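Topology and contacts: notes
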Amino acid sequence: MEDIIKTKHIPRGLFIITVLYGGMASLAGILGNKLVSLEPLPLAVEAGIFAFILLVVLSSATAETYGRTTANRLVVFGFIPIVVSMILIQLVLALPPASFWEEEKRVAFDIILNQSTRLMFAGILAYGASQLLNVFLITKLKGESGRFLWFRSMVAGVTSQALDTLIFITVAFYGVAPLMKIMPGQLLAKVILSAIFVPPLVYGIVRLAKRLDAE
(Lines give C-alpha, C1' and ligand atoms only; values in the text may rest on other atoms or scores of the structure.)
Protein backbone atom coordinates (compact mmCIF):
# COMPACT_ATOMS: atom_id res chain seq x y z
CA MET A 1 0.00 0.00 0.00
CA GLU A 2 1.37 3.37 -0.97
CA ASP A 3 1.96 5.68 1.95
CA ILE A 4 0.30 9.07 1.76
CA ILE A 5 1.93 11.85 3.71
CA LYS A 6 -0.50 14.52 4.77
CA THR A 7 0.89 17.98 5.42
CA LYS A 8 -0.68 21.21 6.53
CA HIS A 9 -1.17 23.73 3.78
CA ILE A 10 1.12 26.75 4.03
CA PRO A 11 -0.06 29.85 2.13
CA ARG A 12 2.26 30.67 -0.73
CA GLY A 13 2.76 34.23 0.49
CA LEU A 14 3.73 33.07 3.98
CA PHE A 15 6.16 30.53 2.53
CA ILE A 16 7.94 33.23 0.49
CA ILE A 17 8.08 35.57 3.50
CA THR A 18 9.52 32.82 5.72
CA VAL A 19 12.29 31.99 3.24
CA LEU A 20 13.25 35.66 2.92
CA TYR A 21 13.08 36.12 6.68
CA GLY A 22 15.50 33.29 7.39
CA GLY A 23 17.94 34.64 4.82
CA MET A 24 17.86 38.17 6.19
CA ALA A 25 18.24 36.93 9.77
CA SER A 26 21.40 35.06 8.79
CA LEU A 27 22.81 37.90 6.68
CA ALA A 28 22.29 40.83 9.06
CA GLY A 29 25.20 39.99 11.35
CA ILE A 30 27.64 39.69 8.46
CA LEU A 31 26.58 42.96 6.82
CA GLY A 32 26.91 44.70 10.17
CA ASN A 33 30.69 44.52 9.92
CA LYS A 34 30.68 47.44 7.48
CA LEU A 35 29.90 51.04 8.38
CA VAL A 36 28.30 52.98 5.54
CA SER A 37 27.91 56.73 5.07
CA LEU A 38 24.41 58.14 4.64
CA GLU A 39 25.28 61.16 2.53
CA PRO A 40 24.21 63.93 2.41
CA LEU A 41 23.39 63.33 6.08
CA PRO A 42 26.42 63.51 8.38
CA LEU A 43 25.65 60.01 9.67
CA ALA A 44 27.14 56.55 9.47
CA VAL A 45 25.37 53.30 10.26
CA GLU A 46 26.32 49.63 10.34
CA ALA A 47 25.15 48.01 7.11
CA GLY A 48 23.22 45.29 8.93
CA ILE A 49 20.43 47.86 9.30
CA PHE A 50 19.28 47.13 5.76
CA ALA A 51 18.70 43.45 6.54
CA PHE A 52 17.08 44.35 9.87
CA ILE A 53 14.71 46.77 8.15
CA LEU A 54 13.62 43.93 5.90
CA LEU A 55 13.10 41.74 8.98
CA VAL A 56 10.83 44.44 10.42
CA VAL A 57 8.98 44.68 7.10
CA LEU A 58 8.50 40.90 6.83
CA SER A 59 7.34 40.42 10.43
CA SER A 60 4.97 43.39 10.08
CA ALA A 61 3.53 42.05 6.83
CA THR A 62 3.09 38.62 8.44
CA ALA A 63 1.26 40.12 11.43
CA GLU A 64 -0.97 42.15 9.13
CA THR A 65 -1.81 39.28 6.77
CA TYR A 66 -1.66 36.14 8.92
CA GLY A 67 -2.08 37.40 12.48
CA ARG A 68 0.00 38.11 15.56
CA THR A 69 0.46 34.46 16.57
CA THR A 70 1.96 33.51 13.20
CA ALA A 71 4.20 36.58 13.21
CA ASN A 72 5.50 35.78 16.71
CA ARG A 73 6.27 32.24 15.59
CA LEU A 74 8.17 33.65 12.63
CA VAL A 75 10.28 35.77 15.00
CA VAL A 76 10.96 32.84 17.35
CA PHE A 77 11.85 30.50 14.48
CA GLY A 78 14.16 33.25 13.22
CA PHE A 79 16.53 32.40 16.07
CA ILE A 80 17.26 29.07 14.37
CA PRO A 81 19.10 30.37 11.28
CA ILE A 82 20.88 32.97 13.42
CA VAL A 83 22.23 30.39 15.88
CA VAL A 84 23.06 27.87 13.15
CA SER A 85 24.92 30.58 11.22
CA MET A 86 26.93 31.49 14.31
CA ILE A 87 27.87 27.85 14.94
CA LEU A 88 28.92 27.29 11.33
CA ILE A 89 30.97 30.49 11.27
CA GLN A 90 32.85 29.45 14.41
CA LEU A 91 33.41 25.97 12.97
CA VAL A 92 34.81 27.38 9.73
CA LEU A 93 37.06 29.80 11.62
CA ALA A 94 38.40 26.95 13.75
CA LEU A 95 39.32 24.80 10.74
CA PRO A 96 42.90 25.23 9.45
CA PRO A 97 43.17 27.28 6.24
CA ALA A 98 44.55 25.80 3.03
CA SER A 99 48.32 26.17 2.78
CA PHE A 100 48.10 28.04 -0.53
CA TRP A 101 45.48 30.55 0.67
CA GLU A 102 46.95 34.05 0.66
CA GLU A 103 47.61 35.43 4.14
CA GLU A 104 45.91 38.78 3.49
CA LYS A 105 42.70 37.03 2.39
CA ARG A 106 42.71 34.80 5.46
CA VAL A 107 43.18 37.77 7.78
CA ALA A 108 40.40 39.71 6.04
CA PHE A 109 38.06 36.71 6.32
CA ASP A 110 38.77 36.33 10.02
CA ILE A 111 38.25 40.04 10.70
CA ILE A 112 34.89 40.08 8.92
CA LEU A 113 33.43 36.93 10.43
CA ASN A 114 35.13 36.59 13.81
CA GLN A 115 32.64 38.49 15.94
CA SER A 116 33.06 38.30 19.68
CA THR A 117 30.67 36.32 21.85
CA ARG A 118 29.52 39.58 23.41
CA LEU A 119 28.53 41.05 20.02
CA MET A 120 26.67 37.87 19.10
CA PHE A 121 24.81 37.90 22.41
CA ALA A 122 23.94 41.57 21.96
CA GLY A 123 22.62 40.89 18.47
CA ILE A 124 20.39 38.03 19.60
CA LEU A 125 18.93 40.08 22.47
CA ALA A 126 18.31 43.09 20.25
CA TYR A 127 16.75 40.97 17.49
CA GLY A 128 14.32 39.12 19.77
CA ALA A 129 13.16 42.13 21.76
CA SER A 130 12.78 44.51 18.81
CA GLN A 131 11.01 42.04 16.52
CA LEU A 132 8.52 40.92 19.14
CA LEU A 133 7.82 44.57 19.98
CA ASN A 134 7.31 45.33 16.29
CA VAL A 135 4.71 42.55 15.95
CA PHE A 136 2.97 43.65 19.14
CA LEU A 137 2.71 47.28 18.09
CA ILE A 138 1.49 46.78 14.54
CA THR A 139 -1.25 44.39 15.71
CA LYS A 140 -2.17 46.40 18.82
CA LEU A 141 -2.62 49.59 16.79
CA LYS A 142 -4.68 47.75 14.20
CA GLY A 143 -7.80 47.63 16.35
CA GLU A 144 -11.01 46.45 14.74
CA SER A 145 -10.88 48.64 11.65
CA GLY A 146 -7.52 47.44 10.35
CA ARG A 147 -6.93 50.85 8.77
CA PHE A 148 -3.88 53.12 8.59
CA LEU A 149 -1.36 50.39 7.72
CA TRP A 150 1.08 53.03 6.51
CA PHE A 151 1.03 54.86 9.85
CA ARG A 152 1.00 51.69 11.98
CA SER A 153 3.95 50.16 10.17
CA MET A 154 5.93 53.39 10.52
CA VAL A 155 5.29 53.65 14.27
CA ALA A 156 6.09 49.98 14.84
CA GLY A 157 9.18 50.07 12.63
CA VAL A 158 10.66 53.22 14.12
CA THR A 159 9.99 52.12 17.72
CA SER A 160 11.37 48.62 17.23
CA GLN A 161 14.51 49.90 15.52
CA ALA A 162 15.07 52.38 18.34
CA LEU A 163 14.82 49.54 20.88
CA ASP A 164 17.13 47.38 18.76
CA THR A 165 19.76 50.12 18.76
CA LEU A 166 19.49 50.83 22.50
CA ILE A 167 19.87 47.16 23.43
CA PHE A 168 22.61 46.30 20.95
CA ILE A 169 24.85 49.33 21.55
CA THR A 170 24.45 49.10 25.34
CA VAL A 171 25.14 45.36 25.64
CA ALA A 172 27.90 45.32 23.01
CA PHE A 173 29.86 48.40 24.05
CA TYR A 174 29.09 49.22 27.71
CA GLY A 175 32.37 49.61 29.57
CA VAL A 176 34.33 49.22 26.33
CA ALA A 177 33.54 52.36 24.34
CA PRO A 178 31.76 55.68 25.07
CA LEU A 179 28.10 54.88 24.42
CA MET A 180 27.04 58.47 23.80
CA LYS A 181 29.52 58.79 20.96
CA ILE A 182 28.04 55.74 19.23
CA MET A 183 24.36 55.75 20.19
CA PRO A 184 22.98 59.06 18.83
CA GLY A 185 24.12 58.64 15.23
CA GLN A 186 23.07 55.00 15.06
CA LEU A 187 19.69 55.78 16.63
CA LEU A 188 18.96 58.73 14.36
CA ALA A 189 20.02 56.88 11.22
CA LYS A 190 17.90 53.81 11.99
CA VAL A 191 14.85 55.90 12.88
CA ILE A 192 15.12 57.92 9.65
CA LEU A 193 15.63 54.83 7.47
CA SER A 194 12.76 52.99 9.17
CA ALA A 195 10.38 55.92 8.77
CA ILE A 196 11.18 56.21 5.06
CA PHE A 197 11.38 52.61 3.93
CA VAL A 198 9.30 50.43 6.27
CA PRO A 199 5.75 51.71 5.46
CA PRO A 200 5.88 51.37 1.64
CA LEU A 201 7.68 48.02 1.85
CA VAL A 202 5.16 46.60 4.34
CA TYR A 203 2.31 47.78 2.14
CA GLY A 204 3.93 46.17 -0.90
CA ILE A 205 4.66 42.83 0.81
CA VAL A 206 1.10 42.62 2.20
CA ARG A 207 -0.36 43.17 -1.27
CA LEU A 208 2.05 40.66 -2.81
CA ALA A 209 1.29 38.01 -0.17
CA LYS A 210 -2.47 38.38 -0.66
CA ARG A 211 -2.05 38.17 -4.41
CA LEU A 212 0.07 35.01 -4.15
CA ASP A 213 -2.43 33.40 -1.78
CA ALA A 214 -5.29 34.16 -4.18
CA GLU A 215 -3.64 32.35 -7.09
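Residues numbered from 1 in each chain as written. Predicted model: local features only at pLDDT ≥ 70, side-chain atom pairs only at ≥ 80, totals over all residues. Heavy atoms only, no water.

**Observations concerning the environment of Ser153**
You can see Ser153 is positioned in helix α7 (residues 149-173). The spatial distance from the C-alpha of Ser153 to the C-alpha of Ile87 is 33 Å, given a sequence separation of 66 residues. Ignoring any residue separated from it by four or fewer positions in sequence, one finds Ser153 in contact with Ile138, Val198, Pro199 and Val202. (Helix = DSSP H or I, 4+ residues; strand = E, 2+ residues; numbered from the N terminus. Contact = heavy atoms within 4.5 Å.)

**Thoughts on the confidence of the model for the chain**
Looking at the chain as a whole, its pLDDT mean stands at 87, while 94% of the residues score no less than 70. The secondary-structure element of the chain with the lowest mean pLDDT is strand β2 (residues 44-46), recorded at 77, while helix α3 (residues 68-77) shows the highest, at 95. (pLDDT = per-residue confidence, 0-100.)

**Brief notes about the packing of helix α1 (residues 12-31) against α3**
The relative placement of two packed helices is expressed as an angle between their axes plus a distance between the axes. Between α1 and α3, the shortest axis-to-axis distance is 10 Å and the interhelical angle comes to 30 degrees. The angle between the axes of α1 and α3 places the two elements in the roughly parallel class. The interaxial crossing formed by α1 with α3 has right-handed handedness. The residues of α3 that touch α1, namely those facing Leu14, Ile17, Thr18 and Tyr21, are Thr70, Leu74 and Val75. (Axes fitted to C-alpha atoms, helices over the stretch in contact; angles between N-to-C directions. Parallel < 35°, antiparallel > 145°, perpendicular 65-115°, else oblique. Left-handed = near helix turned anticlockwise from the far one by under 90°.)

**So, the packing of α7 against helix α8 (residues 179-214)**
With their axes 7 Å apart at the nearest point, α7 and α8 run at an angle of 150 degrees to one another. On the basis of the axis angle, α7 is roughly antiparallel to α8. For the crossing formed where α7 meets α8, the hand is right-handed. The class makeup of the residues in the contact of α7 with α8 is 20 nonpolar, seven polar and two charged. (Nonpolar A, V, L, I, M, F, W, Y, C, P; charged D, E, K, R; others polar.)

**Brief notes about the pattern of salt bridges**
Pairing between side chains of opposite charge can happen when the charged atoms of each approach one another. Evaluated as defined, the whole model comprises six salt bridges. The residue Lys142 makes a salt bridge to Glu64 at a minimum N-O spacing of 3.8 Å. Of this pair, Lys142 sits in the loop between α6 (117-140) and α7 while Glu64 is found in helix α2 (residues 48-66), placing the two residues 78 residues apart along the sequence. Accessibility expressed as a relative area gives 13% for Glu64, which makes it buried. Ionic pairing is found between Lys190 and Asp164, a salt bridge with its closest N-O pair at 3.1 Å. Here the residue Lys190 occupies a position in helix α8, and Asp164 occupies one in helix α7, the gap between them amounting to 26 residues. For Asp164, a relative accessible area of 2% gives the class buried. In the salt-bridge network here, residues are joined through shared partners; they are Glu64, Lys142 and Arg152. (Salt bridge = Lys/Arg side-chain N within 4 Å of Asp/Glu carboxyl O. Buried < 20%, exposed > 50% of the residue type's maximum accessible area, 1.4 Å probe, protein only.)

**With respect to the packing of aromatic side chains**
Evaluated as defined, the whole model comprises five aromatic pairs. Centre to centre, the rings of Tyr21 and Tyr127 are 6.5 Å apart; their planes meet at 55 degrees, and the pair counts as tilted. Placement of Tyr21 in helix α1 and of Tyr127 in helix α6 is noted, with a sequence separation of 106 residues between them. Look at Tyr127 and you get buried, because its relative accessible area is 1%. Centre to centre, the rings of Phe79 and Tyr127 are 5.0 Å apart; their planes meet at 85 degrees, and the pair counts as edge-to-face. Placement of Phe79 in helix α4 (residues 79-94) and of Tyr127 in helix α6 is noted, with a sequence separation of 48 residues between them. Owing to a relative accessible area of 26%, Phe79 belongs among the partly exposed residues under this scheme. (Phe/Tyr/Trp six-rings, centres within 6.5 Å; stacked < 30°, edge-to-face > 60°.)

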